[in-house]
Amino acid sequence: MILNETYTLPNGLAIPKIGLGTWLIPDDKAAAAVCSALEAGYKHIDTAQAYGNERGVGEGIKKSGIPRNQIFLTTKVAAERKTYQEAADSIDESLRKLDCGPADLIIIHCPQPWAEFRGKKRYFQENKEVWKALEDAYMAGKVKSIGVSNFLIDDLLNILEDCRIKPMVNQILLHIGETPSSLVAFCKQNDIIVEAYSPIAHGAALKNEDLATMAAKYGATIPQLCIQYTLQLGTVSLPKSSNPEHIRSNAQLGFTISPEDMAILENTGQDYGEDSRWPVFSRRKQL
Ligand SMILES: NC(=O)c1ccc[n+]([C@@H]2O[C@H](COP(=O)([O-])OP(=O)(O)OC[C@H]3O[C@@H](n4cnc5c(N)ncnc54)[C@H](OP(=O)(O)O)[C@@H]3O)[C@@H](O)[C@H]2O)c1
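Residues numbered from 1 in each chain as written. Predicted model: local features only at pLDDT ≥ 70, side-chain atom pairs only at ≥ 80, totals over all residues.

## Details of the overall build of the chain
Here is step 1 of the chain: Check the secondary structure of the chain and you find 11 helices and 10 strands.
Here is step 2 of the chain: What you see for the chain is a C-alpha radius of gyration of 18 Å, in line with the 19 Å of a compact globule of 287 residues.
Here is step 3 of the chain: The dimensions of the chain, computed from C-alpha atoms along their principal axes, are 50 × 45 × 35 Å.
Here is step 4 of the chain: When each of the 287 residues of the chain is scored for burial, the buried share is 48%. (Helix = DSSP H or I, 4+ residues; strand = E, 2+ residues; numbered from the N terminus. Rg over C-alpha atoms; globule rule 2.2 N^0.38 Å. Buried ≥ 20, exposed ≤ 12 C-beta atoms within 10 Å, placed from the backbone.)

## A closer look at the site of the ligand
Here is step 1 of the chain: Taken together, 29 residues lie near the ligand, and Gly21, Trp23, Ile200, Lys240 and Ser241 sit nearest.
Here is step 2 of the chain: Partitioned by chemical class, the residues of the shell around the ligand number 11 nonpolar, 16 polar and 2 charged. (Near = placed C-beta within 6 Å. Nonpolar A, V, L, I, M, F, W, Y, C, P; charged D, E, K, R; others polar.)

## Focus on the environment of threonine 75
Here is step 1 of the chain: Locating threonine 75 in the fold gives a position in strand S5 (residues 72-77).
Here is step 2 of the chain: For the pair formed by threonine 75 and valine 143, sequence separation is 68 residues and the distance between their alpha carbons is 10.0 Å.

## Section: the sheet that holds strand S7 (residues 146-149)
Here is step 1 of the chain: An order of S3-S4-S5-S6-S7-S8-S9-S10 is seen for the 8 strands of this open sheet, with the pairing classed as parallel. Of all strands in the sheet, those bounded by a partner on one side alone are strand S3 (20-21) and strand S10 (236-237).
Here is step 2 of the chain: Of the strand pairs in this sheet, S7 and strand S8 (residues 169-173) are connected by 2 bridges, and their pairing is parallel. If you follow serine 149 over to S8, its bridge partner there is glutamine 171.
Here is step 3 of the chain: The sheet contacts of helix H4 (residues 124-139) involve S5, strand S6 (105-108) and S7, and relative to S6 the element is tilted by about 170°. (Pairing = 2+ DSSP bridges. Contact = placed C-beta atoms within 7 Å. Axes fitted to C-alpha atoms, helices over the stretch in contact; angles between N-to-C directions.)

## Quick look at unusual backbone geometry
Here is step 1 of the chain: Positive phi values are uncommon outside glycine, yet aspartate 99 reaches one of about 55°.
Here is step 2 of the chain: Its location among the elements puts aspartate 99 in the loop between helix H3 (84-98) and S6.
Here is step 3 of the chain: Exposure remark for aspartate 99: the 13 C-beta atoms within 10 Å place this residue in the partly exposed category.

## Considerations on the packing of H3 against H4
Here is step 1 of the chain: Close contact between H3 and H4 brings their axes to 8 Å; oriented N to C, the two are set at 40°. Taken together, the axes of H3 and H4 lie oblique to each other. Considering the relative orientation of H3 and H4, their crossing is right-handed. Contacts from Tyr84, Ala87, Ala88 and Ile91 of H3 reach H4 at Glu129, Val130, Lys132, Ala133, Leu134, Asp136 and Ala137.
Here is step 2 of the chain: Split by residue class, the contact of H3 with H4 holds 8 nonpolar, no polar and 3 charged. (Parallel < 35°, antiparallel > 145°, perpendicular 65-115°, else oblique. Left-handed = near helix turned anticlockwise from the far one by under 90°.)

## Focus: the environment of serine 249
Here is step 1 of the chain: Mapped onto the elements of the fold, serine 249 is located in helix H9 (residues 244-249).
Here is step 2 of the chain: Taking the C-beta count within 10 Å as the criterion, serine 249 has 16 such neighbours and is therefore assigned partly exposed.
Here is step 3 of the chain: Separated by 174 residues in sequence, serine 249 and threonine 75 place their C-alpha atoms 25 Å apart.
Here is step 4 of the chain: With residues near it in sequence (within four places) discarded, serine 249 still touches Thr221 and Gln224.

Keep in mind that these numbers describe shape and distance, not what the molecule does.
This is the structure we're talking about:
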């Protein structure tokens with residue numbers, strides 16, 4: 001079963017291949033979604049300081065009755081926190097809200113504050129400072145692995161040039177029609193596990209008739225096709241759902257997409273519709 005499969009981070013820590021995304025799940029609904037996922041066999045939950053639901057996510061983990069060491073819990077330092085002290089405080093604040101002991105993974109949410117996403121100012125020096133705070137938290141045992149998110153190749157090179165601990169993960173926008181292949185290859189060459197966020201294109205994939213036709217060919221739903229696509233690229237998949245039936249079915253994957261279809265899917269376009277208002281979808285172009 002896919003929910004029991006893991007990749008191995010460079011420090012030997014196992015990271016489950018599928019995790020529940022929790023963006024836009026309100027704090028008072030997060031515990032129920034997390035409990036549904038853990039009940040369905042998920043062992044990996046992805047949250048962030050910016051989602052405002054760390055308290056609820058932590059509550060769900062504690063309520064589930066599943067031993068903490070069987071769950072991989074990720075959170076993120078808010079994109080706007082760009083000094084050492086702000087990042088260190090952010091980590092402590094997240095751990096306090098989650099109230100679940102050390103986190104399994106903490107990542108820098110974005111190389112730039114969201115208001116300047118993919119803008120001219122690259123925050124290279126600031127990200128080195130934030131990275132130091134993550135390294136110190138790792139060495140202090142507050143977190144078991146550390147990484148980044150939305151980092152492009154030059155953002156990664158900036159950290160790699162003088163870090164004490166290399167980023168173990170890069171969580172990036174990756175789904176059918178949005179596959180940054182050179183970034184994925186760079187991460188692989190540098191032992192950085194790629195996590196695919198918005199694997200269902202934030203829901204936009206659900207309306208795509210070509211995807212419906214291909215999914216039917218495999219006896220799958222569109223979300224299952226989308227999630228399987230990200231897994232076949234060797235990435236962690238982070239589908240979000242707060243619907244228990246969706247949560248369950250998203251992990252029922254018993255098929256393999258053919259190499260020919262993988263190539264077609266890599267070149268399918270996506271229209272994010274009204275969700276283009278989010279910087280992750282409207283300013284996704286690689287620099
Ligand atoms: N690092 C970053 O900057 C970043 C950015 C974006 C996302 N993320 C992470 O990635 C996670 C996933 O991305 P996302 O939230 O953008 O979107 P997503 O997982 O691509 O899509 C979620 C949407 O698909 C629907 N859905 C899921 N399974 C379904 C099913 N089986 N049938 C019908 N509809 C289904 C959900 O609705 P229901 O809830 O009703 O099922 C929701 O509307 C986030 O939650 C977050 O953890 C990280």
